[in-house]
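Next come the chains, spelled out residue by residue.
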Amino acid sequence: MPQPDNSATAGDTAKESDVRRIAIFDTTLRDGEQAPGFSMTTAHKLAIAHSLADLRVDVMEAGFAAASPGDAKAIAEVAAQVTGPVICSLARTKAGDIEAAHRALEASDNNRLHLFIGTSPLHREAKLRLTRDQVLSEIERSISSSKGQFGQIEFSAEDAIRTERDFLIEALQVAADAGADVLNVPDTVGYTSPEEMYELFRDLCANIKRQDHVVFSTHCHNDLGMAVANSLAAVRGGAGQIECSINGIGERAGNCALEEVVMALKTRADHYRADTGIRTQGLYAASGLLAESTGNAPPRNKAVVGRNAFAHEAGIHQHGMLANRETYEIMEPSDVGVPSTLVLGKHSGKHALRARLEGLGYDIGDNRMETVFAQFKTLADTKREVTDNDLVALIEGEDVANIWHLVRAELRTGTKATANPTAKLVVDHRDRGRLSAIGHGTGPFEALSDAFCIVAEVEGTLDSIDAHQLSREMDIEVGLTVAGEKVRGRSQHTDVIVAAAEALLAAFNNHARKTNAAQQSAAEEAPVA
Ligand code: KIV
Ligand code: ZN
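What you are looking at is a predicted structure, and each value in this text was computed from that prediction instead of being measured.

Engineer: What should I look at first to understand the site of ligand 1 in this one?
Structural biologist: Neighbouring residues of ligand 1: Arg-30, Asp-31, His-114, Phe-116, Ser-156, Glu-158, Pro-186, Thr-188, His-219 and His-221. In this structure, Thr-188 approaches ligand 1 through a side-chain N or O atom, which is 2.6 Å from an oxygen atom. His-221 is positioned with one of its side-chain polar atoms (N or O) 3.0 Å from an oxygen atom of ligand 1. Against a free-state accessible area of 260 Å², the protein chains account for coverage of 94% of ligand 1.

Here it is as structure tokens:
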């Protein structure tokens, strides 16, 4: 792991050439997972852990071993199977917690113990019932006794921000003297401001005597919406590690969002003179995997990974974007792994329509463009978003674009455990005529997707359903794996059932079109006998 840098030259006085390497400590699987509504199975945790390793986070907090046998098991599996990042477990200063962390992390020779104790008067008096001296001796004892048992030791002064400054410095000095490699300064309740954070880190860096490799770390909660700004201020003040989580999940309003803080450092390297080792092209996929695993998609307008983060609909914006992306974009969507960006709707102009058609392989002349543009505007007046599927239908005519047509879908489900969600589907296929099937699943949409697979005679699974309410309409996007290929389909309707059925239909039409195109090009390439 490259050594993070919290040298005293950090901040405003950094020289032009000094770009500091900031370590990214991810706590999605610990602080994130402990938040209500975000719990994950061990299988989900492992999948997320692999995606965090692909992102190249420096440290991954895999859980809190003493919290439950399930947490300990998940940490042990991550430690055994995931290589690259340092694998870490949280622990209180109690001997039992340290032993549980040790057992869980045994399989990794690249591990870290993360010890914490509350240092603020509120935590000392109301929660722990310990005096200042007792807290200091807990810190000293727990670190000295763990030294040598783990690759690295991190110490966190919980509620550091509301701790008296002299006592915070004393506690962190005891931790550094006892051998802690990382000194974490959490804003446990999301109370501080960027200005205070900057000043605090300058003070700590200047006044705590430590070995050269010892790093200051920031851990910010988002109660006032300032977790990312506060973490960035800590970096300017001298922090060498940022604790954060994918999509900003965590206790209450969450933690500093990894994707936001990483992209802020990258995009504004001129200002922060700092960078991370994160492979940013994996951010969008990691965010999507977490959303699927927890059933919580980030809001549409979420910075960096939200569905609208790179969407441009207004005609003037689209025109500017097509002339030069930088008119309205400060990051390349591909830098964070976001696929297509322009949303076609009633505000879109001819430039945007032509660009999308070219992307779909249609290079049409100016006269035809006039007609298609007029048809597009009429369609856009009735729909919020014109999809690729709609455009193919405009150019090719309904029949070529859509191999499948929906005749009827009926869903049956219920709230009782004995209810067996069932879908009856009737469709017309361009060549095979009318077909029907009954599908089953754990829910009505899975049952409907099963029915589609039966009529299409393919193996398939419903991987994701993304549903948003848009004023009166439901906007549904489905993701499926059909015959081993990932396909998506999208539709909007005031009735959720119709929207879901049409989204599935669009996905199956996309799949059929892809399969036909592949068969055609294989036939064209086949040698003539
Ligand atoms: O918010 C907090 O203080 C924590 C510590 C355990 C690091 O999550
Ligand atoms: Zn926290």
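Engineer: Before we go on, may I ask you to explain the confidence of the model for the protein in this structure?
Structural biologist: On average, the protein scores 89 in pLDDT, and the residues at 70 or more come to 92%. A low-confidence stretch, residues 8-14 (pLDDT under 50), is modelled with 12 contacts involving residues beyond four sequence positions or located in other chains.

Engineer: Explanation requested: the packing of aromatic side chains in the structure shown.
Structural biologist: Two aromatic rings are characterised by how far apart their centres lie and by the angle between their planes. Using the criterion set out here, one finds 3 aromatic pairs in the structure. Arranged with centres 6.2 Å apart and planes meeting at 80°, the rings of Phe-64 and Phe-116 form a pair that is edge-to-face. With Phe-64 in the loop between strand E3 (59-63) and helix H3 (69-81) and Phe-116 in strand E5 (residues 111-118), this pair connects stretches of sequence that are 52 residues apart. In terms of burial, Phe-64 and Phe-116 fall into one category: buried. Note on Phe-452 and Phe-508: the rings are 5.1 Å apart at their centroids and 15° apart in plane angle, and the pair reads as stacked.

Engineer: Explain the coordination of the zinc ion (ligand 2) here, please?
Structural biologist: Expected angles at a metal are 109.5 degrees for tetrahedral coordination by four donors and either 90 or 180 degrees for octahedral coordination by six donors. Only Asp-31 (OD), His-219 (NE2) and His-221 (NE2) from the protein coordinate the zinc ion (ligand 2), and they sit 2.0 to 2.1 Å from it. Here the donor residues of the zinc ion (ligand 2) are spaced in sequence according to D-x187-H-x1-H. A residue is classified by how much of its surface remains accessible, and His-219, at 5% relative accessible area, is buried.

Engineer: Would you explain the domain arrangement of the protein in this entry?
Structural biologist: As a measure of interface size, the accessible area lost when the parts come together is often cited. Taken domain by domain, the protein comprises domain 1 (20-293), domain 2 (311-397) and domain 3 (402-521). The gap between the C-alpha centroids of domain 2 and domain 3 is 26 Å. Across the boundary between the two partners, domain 2 contributes 5 residues, which contact 9 residues of domain 3. Both sides together, the interface formed by domain 2 and domain 3 hides about 690 Å², and carbon and sulfur atoms give 35% of it. Of all residues in domain 2, the largest losses of buried area upon contact with domain 3 belong to Arg-384, Glu-385 and Asn-389, amounting jointly to 70% of the total for that side. On inspection of domain 2 and its partner domain 3, the count reaches 0 salt bridges. Along the contact surface separating domain 2 from domain 3 lie 0 residue pairs in polar contact (both at pLDDT 80 or more). A class-by-class count of the residues in the side of domain 2 that touches domain 3 yields 2 nonpolar, 1 polar and 2 charged.

Engineer: For this particular structure, what's the right way to read the environment of Arg-488?
Structural biologist: Position of Arg-488 among the secondary structure elements: in strand E16 (residues 485-493). Considered as a pair, Arg-488 and Ala-506 are 18 residues apart in the sequence and their alpha carbons are 7.6 Å apart. Each residue touching Arg-488, except ones within four places of it in the same chain, is listed here: Ser-464, Glu-477, Val-478, Gly-479, Ala-506, Ala-507 and Asn-510. There is a polar contact of 2.8 Å between the side chain of Arg-488 and the side chain of Glu-477.

Engineer: I would appreciate a short explanation of the nonpolar core in the present structure.
Structural biologist: A general trend in soluble globular proteins is that nonpolar side chains are found buried together. In this structure, Met-60, Ile-139 and Leu-172 are the most contacted members of the largest nonpolar core, which totals 93 residues. The leading source of residues in this core is helix H7 (residues 165-178), at 9 residues. Structurally, this core is a two-domain feature, drawing no fewer than three residues from each of domain 1 (20-293) and domain 2 (311-397). For Ile-139, the residues in contact, after removing those within four places along its chain, are Ile-117, Phe-155, Ala-171, Val-174 and Ala-175. Listed in part, the 31 residues of the second largest apolar core include Ala-423, Val-455, Met-474 and Val-478.

The rules behind these values
- Residues numbered from 1 in each chain as written.
- Chains lettered and ligands numbered in written order.
- Predicted model: local features only at pLDDT ≥ 70, side-chain atom pairs only at ≥ 80, totals over all residues.
- Heavy atoms only, no water.
- Near = heavy atom within 4 Å.
- Polar contact = N/O pair within 3.5 Å; in protein donor to acceptor, adjacent residues only side chain to side chain.
- Areas by Shrake-Rupley, 256 points an atom, 1.4 Å probe, with all protein chains shown as cover.
- pLDDT = per-residue confidence, 0-100.
- Contact = heavy atoms within 4.5 Å.
- Phe/Tyr/Trp six-rings, centres within 6.5 Å; stacked < 30°, edge-to-face > 60°.
- Helix = DSSP H or I, 4+ residues; strand = E, 2+ residues; numbered from the N terminus.
- Buried < 20%, exposed > 50% of the residue type's maximum accessible area, 1.4 Å probe, protein only.
- Donors = N, O, S within 2.8 Å, 3.2 Å for Na, K, Ca; no water.
- Domains from an automatic or database assignment.
- Buried area = accessible area lost by both parts, 1.4 Å probe.
- Salt bridge = Lys/Arg side-chain N within 4 Å of Asp/Glu carboxyl O.
- Nonpolar A, V, L, I, M, F, W, Y, C, P; charged D, E, K, R; others polar.
- Core = buried A, V, L, I, M, F, W, Y, C linked by side-chain atoms within 4.5 Å.

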